[in-house]
Structure formats: structure tokens, C-alpha cells
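Residue-level structure breakdown
Here are the chains, one letter per residue:
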Amino acid sequence: MSISKNYSFDYEKFKKNHKKHSKLSIFLTYFVVFLTILLSVGAFSYIFYFKGIGTFKKTNNLTYYLLSSSMHADYDKALSYSSEIQNRGGAGYIYKYGQYYVILNAYFSKTDAEKVLNKTKKDYPASKIIIYKIEFNKSRLNDINKNLINVITKNIETSYNIVLSLDTNEITTKQATNMLRTLNSNMKSSIEEYKSHFTSYSSDTQKIIENLLTFNEYDSNIINTQISSIELSPLIKYSYIAKIIYFNKICSYF
């Protein structure tokens, strides 16, 4: 994942949330995001929807780095704390791994995750990084599933880019919502295309489709709600972390 190479998260600036955006910064944000994605998939892409297997990495896993604010043995305590995290602008996603971890955010590189971890230790002394791998058997993947992996990874990356631009006030709430709406619509098209490759569904294929629909529901639940940028940001964070989890479920049926 190269999406975050040029991004340096300024935690103090994020907390103050005072940076003013301009038309130029908005334009540059769209241009850079579009150009980065376009170059990564070449002629096989269109806005927020990606086709073809050219970008598929020759690895058996994709790795994400979940930044946890705290760990709880009791789910109700984790749930209560997640609301507090969301009020502060974090995802507040509850991830169960033995115990219950309340997730602030997710990153595509260990370096980025560690930078933010160092800056959040003051507010969240128990914060830690959880390495989360999407694992699959590459040798068993056909072109249809390779393409699906590309579509999913690009969808998650785009969600990440939207929330970065929103958190730095480079786009407005309305623009973020419209971008999310486009992403959601194109994912629906991707799911329909995936389904069109089959005349009948095996039990595994049916499970993949069910999880794809759930994957896309997280964005669907956001786009028609009138909310402020302060409320929208944690919701998008929550959504793309949930999508990472469902990505793993989908890959388990390959």
C-alpha cells in the first residue's frame, strides 16, 4: 500500500481542527488523489471503480495497522468507551481479539501507524498497534477473484483518502458525502459485475456475495444522513475499518 507515503498525520493540528481550506487546496486534493489512483491501475480504471488484475500484488496477504486506544475485558465497557472515542473524532470501532480493542484509526503502513501512536500516547496511554493481515491462498485465485481483491483494496484506500481530506479541511462535508456516494454506487456496480460471472452460486460464492453486500452497507448507512464534518469523519473511519474486517471474511471463501 503506497497511499500514505506522502502523508504525515499532525495529531495536534487535528485536535485543534482550525485549518481553513481554499478552492485551490480542494482542487489539488482531488487531482492528487485521482492521479495517484489512475497511475496505479492505468487503463483499467475509472473514478472509484477499478477493473483488471494488473495491480494485484504477488503476495499472500495484505496488511493493515489498526491503532487501538484501549483494551477491555468487558464488551459493555468497550462500547461505552467507543462513544467517547467517536466524540473525539476517532473511529470507535470495537475489534475482538481475545479481548475488546477500541480502534482509533487504521493505516496502510507501519511507519504511519507508529508516528500517530507516538503522538497519541499522551491522551491514550494504553494505545497500541494491532497488525491485521488479509490472508488468502494466491495459488487458488482465479482472475475474477484477483479483480475483486483489487476492487476492494481500492475502495478501502479511497475511503481513507476521503477522511484524510475531510480531517484536514481540504474538502467540505458535502464534498466528502458526494465522494462517498460515488464510491458506494460504483461498489454496487462492482458487486453486480461479480455476480454476472456466475450462472449459479456455490455456497462459498453465495457467502462472498453476502459479505460484499454487508461491506457496502456501511457506506450506504452514511450517505443519506445530514451530519456535520465532526460527526462524519469518525463514521467514515468506522466504515473503512469495518470494511477491512469484511475484506478478510470475503477472502476466507476463496
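Okay, so let's go over this structure. (Residues numbered from 1 in each chain as written. Predicted model: local features only at pLDDT ≥ 70, side-chain atom pairs only at ≥ 80, totals over all residues. Heavy atoms only, no water.)

From N to C terminus, the protein chain includes 8 helices and 6 strands. In the protein chain, the succession of α and β elements from N to C terminus is α-α-β-β-β-α-β-β-α-β-α-α-α-α. For the protein chain, the proportion of its 254 residues judged to be buried stands at 49%. A sequence separation of at least 24 residues applies to 80% of the contacts in the protein chain between residues at least 6 apart. Element-wise, carbon and sulfur atoms account for 52% of the exposed surface of the protein chain, whose accessible area totals about 13000 Å². (Helix = DSSP H or I, 4+ residues; strand = E, 2+ residues; numbered from the N terminus. Buried < 20%, exposed > 50% of the residue type's maximum accessible area, 1.4 Å probe, protein only. Contact = heavy atoms within 4.5 Å. Areas by Shrake-Rupley, 256 points an atom, 1.4 Å probe, with all protein chains shown as cover.)

One finds Ile134, Ile152, Ile156, Leu212 and Phe247 to be the most contacted residues of the largest nonpolar core, which totals 66 residues. Per-element tally for this core: the top contributor is helix 8 (residues 229-251), with 11 residues. (Core = buried A, V, L, I, M, F, W, Y, C linked by side-chain atoms within 4.5 Å.)

Let us now look at helix 6 (residues 173-196). Each full turn of the α-helix corresponds to 3.6 residues, which orients residues three or four apart in the same direction. Counted at 1.5 Å a residue, the expected span for helix 6 with its 24 residues is 34 Å, and the 35 Å between its end C-alpha atoms agrees. All of the buried residues in helix 6 are Thr173, Ala176, Thr177, Met179, Leu180, Leu183, Asn184, Asn186, Met187, Ser190, Ile191 and Tyr194. (Expected span 1.5 Å × (residues − 1).)

Right, let's get into the environment of aspartate 219. Along the chain, aspartate 219 falls in helix 7 (residues 203-223). In contact with aspartate 219, other than residues within four places in its own chain, are Asn155, Ser159, Leu180, Leu183, Asn184, Ser239 and Lys243.

Let us now look at the packing of helix 5 (residues 143-167) against helix 6. For the pair helix 5 and helix 6, the least separation of the axes is 10 Å and the interaxial angle reads 175°. For the element pair helix 5 / helix 6, the angle class is roughly antiparallel. From helix 5, Ile144, Asn145, Leu148, Val151, Ile152, Asn155, Thr158, Ser159, Ile162 and Leu166 reach across to helix 6, where they touch Thr173, Ala176, Met179, Leu180, Leu183, Met187, Ser190 and Tyr194. A breakdown of the residues in the contact of helix 5 with helix 6 according to their chemical character gives 12 nonpolar, 6 polar and no charged. (Axes fitted to C-alpha atoms, helices over the stretch in contact; angles between N-to-C directions. Parallel < 35°, antiparallel > 145°, perpendicular 65-115°, else oblique. Nonpolar A, V, L, I, M, F, W, Y, C, P; charged D, E, K, R; others polar.)

A word on unusual backbone geometry. With phi around 60°, asparagine 169 is a residue other than glycine that occupies positive phi space. With respect to the helices and strands, the residue asparagine 169 is situated in the loop between helix 5 and helix 6.

This next bit is on the packing of aromatic side chains. Under the criterion given, the structure shown has 11 aromatic pairs. Each ring, one from tyrosine 93 and one from tyrosine 238, has its centre 5.0 Å from the other, and the planes form 55°; the classification is tilted. Of the two residues, tyrosine 93 is situated in strand 4 (residues 93-97) and tyrosine 238 in helix 8; the sequence distance between them amounts to 145 residues. Judged by relative accessible area, which is 10%, tyrosine 93 ranks as buried. Among the residues examined, tyrosine 238 registers a relative accessible area of 29% and is labelled partly exposed. Ring pairing ties together the aromatic residues Tyr64, Tyr107, Phe108, Tyr160 and Tyr240, which thus form one cluster. The lysine or arginine in question, lysine 249, covers the ring of tyrosine 246, its NZ or CZ lying 4.2 Å from the ring centre. (Phe/Tyr/Trp six-rings, centres within 6.5 Å; stacked < 30°, edge-to-face > 60°. Lys NZ or Arg CZ within 6 Å of the ring centre and 35° of its normal.)

On to the side chain of aspartate 167. One can find aspartate 167 in helix 5. Taking relative accessible area as the criterion, aspartate 167 reaches 12% and is therefore assigned buried. Within the structure, the side chain of aspartate 167 is placed 2.9 Å from the side chain of lysine 237, a separation counted as a polar contact. (Polar contact = N/O pair within 3.5 Å; in protein donor to acceptor, adjacent residues only side chain to side chain.)

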